[in-house]
Amino acid sequence: MAFKVAVKNSLFNYYVRSSFKNLVFVNQFAATPSLNPVSGSLQGFDAVEAEIMSLCRQPSSANLRKAFFLFEKSLDTGFIPSGRFCDLVLQTLSRNKDHKMAFSAYKKMTSAGVSPRYGSLSSLVVSLVYLGVPELALSAVALILKRGYLVHIYLANVVLNGFRCNGSTSKALIFLGEMERNTLAPDSVSFNTLIQGFCRERKLTEAMDVKKRMEFSRVDPNLITYSILIDGFVTEDNLDEALRLFEEMKRKGLEPDVIVCSTLIKGFCSRGDIDRAEELFNIMLSSRISPNLITYSCLLQGLCLKGDLDKAMDLFQDMINNGIQPDVVVCTSMIGALSKIGKTSEAVKMLHFMLEKGISPNTLTYNILLKGLCQDGELDDASKIVEMMISNGKSPYVVNCNTVMGGLLDLGRVDDALNLFENFNQVKVEPDEHTISILVQGLCSEGRLEDAERITRAAATTMKNLNPISSYDVVIASYLKAGDAKKAMSLWKELLQLGITPDARAYSSLIDGLCKCCCTNIAKGIFMEMKNRGRKLTSFDYNALMSALSKESSMEQVRDLFEDMVSGNNCVPDVVSYNILIDSVIKAGDIQYAYKVMEDMLNAGLSPDALTYSVLINRLSKSGMTKEAKLLLKKMKASGHLPDEFVYDSLLKGFSTEGKQEEVISLLQEMASSGIILDNELISTIMSCFCDLWEDHDVTELLSSFRQSKHDTDGSITCGELLNRLQNIFPRQSKPASPSVLQ
């Protein structure tokens with residue numbers, strides 16, 4: 001089927017009338033130049049033509065290059081070949097996918113004055129499509145029409161496919177309309193090409209519109225049509241529409257093939273509906289539809305993700321028995337499933353199976369296996385896997401080596417991890433920032449600070465793309481934790497000398513470490529440097545310095561820092577900030593100001609935490625203000641914070657000091673009903689209290705009324721154990737304690 005004329009105001013007519021700029025190379029024949037062929041033997045040209053035709057009949061790559069060379073040279077010498085001969089050359093080149101040579105041959109022949117025939121122009125259309133310029137191909141089609149030739153449906157479909165491959169299916173749709181308007185009826189290939197294009201562009205509404213147009217044109221959608229649409233909807237996770245099309249296809253008498261079934265199985269597995277995937281797989285088998293690699297791959301991956309390894313192994317064996325060799329995706333899924341449940345030895349066997357069958361493991365394969373081996377502590381096997389990669393001519397990726405090295409460090413095998421790192425150059429692995437981070441943190445955790453320092457320094461000077469701040473930060477923090485502030489500050493200066501500006505996190509870490517090392521003055525200097533450099537200070541920075549100053553009883557400096565937080569708009573105080581200030585002012589004996597701070601805290605929308613109440617209760621108890629401390633205890637419990645041993649210890653000491661025996665007894669009963677575990681300090685406090693109470697109460701009677709938790713914890717003692725020990729100290733009173741007191 002063919003068409004000759006294009007209607008007005010259309011994409012096709014546009015190329016006929018106004019794309020001459022694109023057709024410089026195809027329009028050379030419009031005015032054939034006068035040529036004066038170089039005189040020579042016609043027999044010589046005949047011989048060249050015969051040789052070119054012979055080469056075209058045996059179209060190897062070398063023969064085609066030679067034929068093109070002879071064709072080009074003969075034209076250069078003035079030889080004007082026949083149109084039929086040019087058709088043969090261009091069709092042969094195009095048919096054998098030498099599209100650039102076909103394009104060059106066309107330009108050469110037209111510039112020599114040869115008027116192209118349909119064969120040459122149709123070959124040009126095909127070549128331009130394959131060269132990725134369907135717009136120019138359409139221009140060539142316009143010239144075919146201009147010369148009065150018919151355009152056949154095959155050539156039109158080639159152009160449609162060109163637009164589809166370029167992601168311009170909407171242009172292909174316009175061209176389809178021109179085909180219909182110019183008596184060239186699109187066939188199933190035409191419509192399927194557009195449907196596939198729209199599906200790949202994720203325009204499923206447009207794809208379904210083309211299907212309706214196909215049906216309106218009385219072209220029945222075939223198996224390929226439904227296969228494309230079902231795959232499109234599955235890809236977009238619209239399994240319901242895919243299933244509707246599946247049922248529609250069957251109603252029309254189209255039997256699903258392995259492609260359609262595999263696509264639906266993939267959809268079910270993507271949704272985690274493995275049962276329906278298995279059901280469809282069994283239907284395939286009963287319908288004698290042989291599963292292919294894609295079918296097995298989808299179902300195997302689904303079973304592996306579900307954790308149904310037994311079925312996965314059976315299916316894998318069935319796949320092999322049916323002569324289908326698994327690919328790297330299938331084997332990697334199996335290795336991942338085996339590794340996940342700790343069957344790393346079976347996973348290693350699967351890797352050996354891959355190598356035996358010539359299936360090349362990819363990076364993911366090795367990494368999954370290495371991760372599983374490291375998690376199981378099989379570091380020796382993991383090292384062998386790395387060696388296996390090298391022996392098979394594959395340089396392990398740094399992520400694999402990082403996995404092994406991290407596993408070695410987790411097991412405390414620091415020397416082995418260090419040796420692996422030292423051999424990175426030998427195995428052609430370029431360490432990355434994660435490599436240095438893993439190694440430095442591992443070394444610091446094991447106290448190997450000098451090794452960590454050496455590696456950090458070397459990485460900072462040799463690895464140009466590395467940001468060494470995080471590694472220096474870890475080493476500096478470790479030295480501070482070890483109490484070596486001098487070494488930490490030396491490394492800090494070294495970092496600055498490298499021309500690297502520390503970030504806010506590095507400053508915060510240094511300030512915190514210095515404060516914990518009791519180097520408060522140095523910490524204040526770093527704090528001011530951070531502030532002067534315009535680094536954003538956080539509540540963590542303020543809190544670290546305030547806490548250190550509070551321990552030094554520098555209450556005024558604590559207040560100044562707190563006021564700077566509030567008034568300087570640097571950051572907003574948090575609960576910890578208020579707790580530090582409260583503790584500081586209470587230490588200074590200013591209880592009323594502590595209450596004011598707590599009130600400010602509430603006004604700021606912050607709720608006191610357990611530490612807030614604990615600090616206040618402790619200080620109030622020590623200051624002889626047990627009534628106020630008891631009220632705070634009630635507020636503490638009402639706000640959902642459970643008092644701990646420290647709170648009870650503070651109150652017991654306060655009540656005992658003030659001689660409030662009934663308060664002591666009531667509090668002890670509360671502790672017993674709450675199941676408080678007695679540690680050594682709390683036991684000591686209770687014994688001290690009983691030393692004051694034993695003249696008025698039967699100590700054994702009192703102790704037997706307490707009911708502690710039965711949980712055994714280190715440093716705790718049960719009620720019976722405490723009673724047995726105290727019986728030898730306190731004589732039993734003949735007069736029992738008053739029931740009203742013990743209730």
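None of these values were measured; they are calculated from a predicted model.

Below, the discussion takes up the overall build of the protein. Broken down by element type, the protein carries 41 helices and two strands. Considering only contacts within the protein whose residues lie at least 6 apart along the sequence, 63% involve residues at least 24 apart.

In this section: the environment of Lys 250. Along the chain, Lys 250 falls in helix H13 (residues 239-251). You can call Lys 250 partly exposed: its relative accessible area is 39%. Sequence separation of Lys 250 and Leu 223 is 27 residues, and the distance between their C-alpha atoms is 9.9 Å.

When a protein is soluble and globular, its nonpolar side chains tend to lie buried together. If you look at the biggest cluster of nonpolar residues, it comprises 219 residues, and the most contacted ones within it are Leu 264 and Met 671. Apart from residues lying up to four places away in sequence, Leu 264 is in contact with Ile 230, Val 234, Leu 239, Ala 242, Leu 243, Phe 246 and Leu 280.

A few words on the pattern of salt bridges. Tallied over the entire structure, the rule returns 38 salt bridges. Here Arg 202 makes a salt bridge to Glu 236, at a shortest N to O gap of 2.5 Å. With Arg 202 in the loop between helix H10 (188-200) and helix H11 (204-216) and Glu 236 in the loop between helix H12 (223-235) and H13, this residue pair connects regions lying 34 residues apart in the sequence. A residue is classified by how much of its surface remains accessible, and Arg 202, at 58% relative accessible area, is exposed. Looking at Glu 236, the relative accessible area reads 30%, which means it is partly exposed. Note that Lys 252 and Glu 215 form a salt bridge whose closest N and O atoms lie 3.1 Å from each other. Of this pair, Lys 252 sits in the loop between H13 and helix H14 (258-270) while Glu 215 sits in helix H11, and the two are 37 residues apart along the sequence.

For the coordinates displayed, the defined rule picks out seven aromatic pairs. Look at Trp 492 and Tyr 507: their rings are 5.2 Å apart centre to centre, the planes differ by 70 degrees, and that puts the pair in the edge-to-face class. Taken together, the residues Trp 492 in helix H27 (residues 485-497) and Tyr 507 in helix H28 (residues 504-516) connect sequence positions 15 residues apart. Residue placement shows Lys 107 over the ring face of Phe 103; its charged tip is 4.7 Å from the ring centre. The ring of Tyr 593 carries the charged tip of Arg 559 above its face, separated from the ring centre by 3.9 Å.

With that out of the way, let us pick up helix H19 (residues 344-356). Here H19 contains 13 residues, and its C-alpha end-to-end distance of 18 Å stays within 8% of the 18 Å for a straight helix at 1.5 Å per residue. Where H19 is concerned, the buried positions are Thr 344, Ala 347, Val 348, Met 350, Leu 351, Phe 353 and Met 354. Looking one or two residues past H19, Gly 358 carries a phi angle of roughly 75 degrees, positive in sign.

If you check helix H30 (residues 539-551), its first and last C-alpha atoms are 18 Å apart, about what 13 residues at 1.5 Å a residue would give, namely 18 Å. In terms of burial, H30 is a largely internal element, ten of the 13 residues being buried. With its phi angle positive at about 60 degrees, Ser 553 sits one or two positions after the end of H30.

Another point: the environment of Leu 204. Its location among the elements puts Leu 204 in helix H11. Placed 28 residues apart in sequence, Leu 204 and Gly 232 show a C-alpha to C-alpha distance of 7.1 Å. Setting aside anything within four residues of it in sequence, one finds Leu 204 in contact with Cys 199, Gly 232, Phe 233 and Glu 236.

This next bit is on the confidence of the model for the protein. When pLDDT is averaged along the protein, the result is 82; 86% of the residues meet or exceed 70. Contacts from residues 1-40, a stretch scored under 50 in pLDDT, to residues over four places away or in other chains number 89 contacts. Taken together, the stretch residues 733-743 has pLDDT below 50 and engages in 18 contacts with residues farther than four places along the chain or on a different chain.

Before going further, it helps to spend a moment on the state of the cysteines. This structure, assessed with the given rule, holds zero disulfides. Residue Cys 269 stays outside any disulfide, its sulfur separated by 6.5 Å from that of Cys 298, the closest cysteine.

Each pair of packed helices can be summarised by the angle the axes make with each other and by the distance between the axes. Where helix H7 (residues 134-146) contacts helix H8 (residues 153-165), the two axes come as close as 9 Å, and the packing angle between them is 160 degrees. What the angle tells us is that H7 and H8 run roughly antiparallel. For the pair H7 and H8, the crossing hand works out as left-handed. For the pair formed by H7 and H8, the contact residues are Pro 134, Glu 135, Leu 138, Val 141 and Ile 144 on the first element and Leu 155, Val 159, Gly 162 and Phe 163 on the second. Within the contact of H7 with H8, the residues separate by chemical class into seven nonpolar, one polar and one charged.

The next point concerns the side chain of Glu 494. With respect to the helices, strands and loops of the structure, Glu 494 is situated in helix H27. The contact partners of Glu 494, leaving out residues within four places of it in the chain, are Arg 457 and Tyr 472.

Turning our eyes to something else, we now look at the side chain of Asp 541. Among the structural elements, Asp 541 can be located in helix H30. No salt bridge is formed by the buried Asp 541; the nearest opposite charge belongs to Lys 536, separated by 9.2 Å. Excluding its chain neighbours within four sequence positions, the residues that come into contact with Asp 541 are Ser 508, Ile 511, Phe 527, Met 530 and Lys 536.

Let's shift gears to the environment of Gly 232. Along the polypeptide, Gly 232 turns up in helix H12. The class for Gly 232 is buried, based on a relative accessible area of 4%. Between the C-alpha atoms of Gly 232 and Ala 207, which are 25 residues apart in sequence, the distance is 9.1 Å. Discounting residues that sit within four places of it in the chain, Gly 232 has contacts with Cys 199 and Leu 204.

About the cut-offs
Residues numbered from 1 in each chain as written. Predicted model: local features only at pLDDT ≥ 70, side-chain atom pairs only at ≥ 80, totals over all residues. Heavy atoms only, no water. Helix = DSSP H or I, 4+ residues; strand = E, 2+ residues; numbered from the N terminus. Contact = heavy atoms within 4.5 Å. Buried < 20%, exposed > 50% of the residue type's maximum accessible area, 1.4 Å probe, protein only. Core = buried A, V, L, I, M, F, W, Y, C linked by side-chain atoms within 4.5 Å. Salt bridge = Lys/Arg side-chain N within 4 Å of Asp/Glu carboxyl O. Phe/Tyr/Trp six-rings, centres within 6.5 Å; stacked < 30°, edge-to-face > 60°. Lys NZ or Arg CZ within 6 Å of the ring centre and 35° of its normal. Expected span 1.5 Å × (residues − 1). pLDDT = per-residue confidence, 0-100. Disulfide = S-S within 2.5 Å. Axes fitted to C-alpha atoms, helices over the stretch in contact; angles between N-to-C directions. Parallel < 35°, antiparallel > 145°, perpendicular 65-115°, else oblique. Left-handed = near helix turned anticlockwise from the far one by under 90°. Nonpolar A, V, L, I, M, F, W, Y, C, P; charged D, E, K, R; others polar. Lys, Arg positive; Asp, Glu negative; His and termini not counted.

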